[in-house]
Amino acid sequence: MNQARRGSVLNFTKMHGLGNDFVVVDAISQPFRLSTETIRELGNRNFGIGFDQLLVVEPPGLPDVDFRYRIFNSDGSEVEQCGNGARCFARFVRDQRLTNKKIIRVQTAKGVIELRVGKGGLITVDMGVPEMNPPAIPFAADRRKEVYTVEVAGQTVELTALSMGNPHGVLLVDDVDTAPVTELGPRLENHPRFPARANIGFLQILDRSHIRLRVFERGAGETLACGSGACAAVVAGRLRGLLDARVDVELRGGHLVVEWQGEGSPVMMEGTATSVFEGQVRLAGEAQPRRRKSPGKNARQGDGKPAQNRQQRSRQTAASRR
Ligand SMILES: N[C@@H](CCC[C@H](N)C(=O)O)C(=O)O
């Protein structure tokens, strides 16, 4: 096997959706394979680049699909869904000229999602049909309910459990500013009733079409916004009979519009995607095998760690919101 010199360079783009921030990597045009440890190091805000999620663009493995979309939390875990990431993914593949389509079909670990690039840079994501069946979430319960009681930290809380492709628990609170996000968030994320862990949303209803939301994300902690969490919150509010079909969701980092017509319908989410800068990181450790001239469909390249003398070049420093 040919070996490139140690310390290969990985090109990336730093992006965010309402402050939920991402490092996005094109794994079609460059070799990419990172260990869990390296992803954690790159995600570290003090010693790495810093991100809530790492998003990887790969060639699709299915017909009639444009790309494969892989998502890693900053703790290194690979997950099924990321709503804000999906909007950034759509903007990234167009900015990088990997496609010029306005409707982009993307393969995720939980099926195919569709991204639509609209006017003014707004991107709409069809997040799929929410799943409320406990084993499919997964959530430990003998039957489906709209509201479950859960014992946590010596108290009983009520939550709605559902999957948006990834697992969510949603609690109703009077005021998100005083909600026990950092106390209950990590405990519920790791609660035994969520065997795959979960994202925990704290939902405040302002009126039937306006909510406020904070989300303690699985594998990333509290983020400024969570797209799948916003969808889960609207579904939870609708299941409880508290919300209309189209809802403005106010998160700490900005607003999203989420629409759900009800049982059996997909959830639609609309919002912005922002590109912040492009950079390079030099990866030390394991040598990166050279990419062959015509890589096979599933070709994967070596493993690497961020080097001590990491270089990041900022080619575009001003954030450009579209
Ligand atoms: N920030 C995301 C969700 C990312 C994945 C999540 N932390 C999980 O583990 O399921 C979003 O915008 O949906």
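Residues take numbers from 1 onward in each chain, read along the sequence in its written order. pLDDT decides what is reported in this predicted model: residues at 70 or higher carry local features, side-chain atom pairs at 80 or more are listed and counted, and totals for whole chains, interfaces and linings draw on all residues regardless. As a rule here, side-chain values cover all heavy atoms of the structure and leave hydrogens and water aside.

1. Observations regarding the UniProt feature "binding site: substrate" (unreviewed entry) in the protein chain
We count it as follows: UniProt positions are given in the numbering used here, feature names are shortened, and annotations may be inferred rather than shown by experiment. Helix numbering and strand numbering both begin at the N terminus, where a helix is a DSSP run of H or I of at least 4 residues and a strand a DSSP run of E of at least 2. We call two residues in contact when some of their heavy atoms are within 4.5 Å. Exposure is judged per residue with a 1.4 Å probe applied to protein chains only, and the accessible area is read against the type maximum: over 50% gives exposed, under 20% gives buried, and values in between give partly exposed.
Within this structure's numbering, the places UniProt gives as "binding site: substrate" (unreviewed entry) are N20, Q53, N73, G83, N84, N166, N199, E217, R218, G227 and S228. Here G83 shows up in helix α2 (residues 83-95). If we skip the residues at most four places from it in the chain, G83 touches V125, M127, G227, S228 and M269. If you trace the backbone, R218 turns up in the loop between β13 (210-217) and β14 (221-223). You can call R218 buried: its relative accessible area is 6%.

2. Structural notes on the UniProt feature "site: Important for dimerization" (unreviewed entry) in the protein chain
Per the UniProt record, the feature "site: Important for dimerization" (unreviewed entry) sits at F277. Of note, F277 is situated in strand β18 (residues 274-284).

3. As for the domain arrangement of the protein chain
Spelled out, the test is: Domain borders in the structure are assigned automatically or taken from a domain database. Each of two parts loses accessible area, computed with a 1.4 Å probe, when they are put together; buried area is these two losses added. Any carboxyl oxygen of Asp or Glu that lies within 4 Å of a side-chain nitrogen of Lys or Arg is treated as forming a salt bridge with it.
As far as domains go, the protein chain holds domain 1 (9-127 + 275-282) and domain 2 (134-264). In this structure, domain 1 and domain 2 have C-alpha centres spaced 24 Å apart. With both chains or domains summed, domain 1 and domain 2 bury close to 1,400 Å², and 47% of this area falls on carbon and sulfur atoms. It is L18, Q81 and M127 in domain 1 that bury the most area against domain 2; as a group they hold 37% of the surface buried on that side. One can count two salt bridges joining domain 1 with domain 2.

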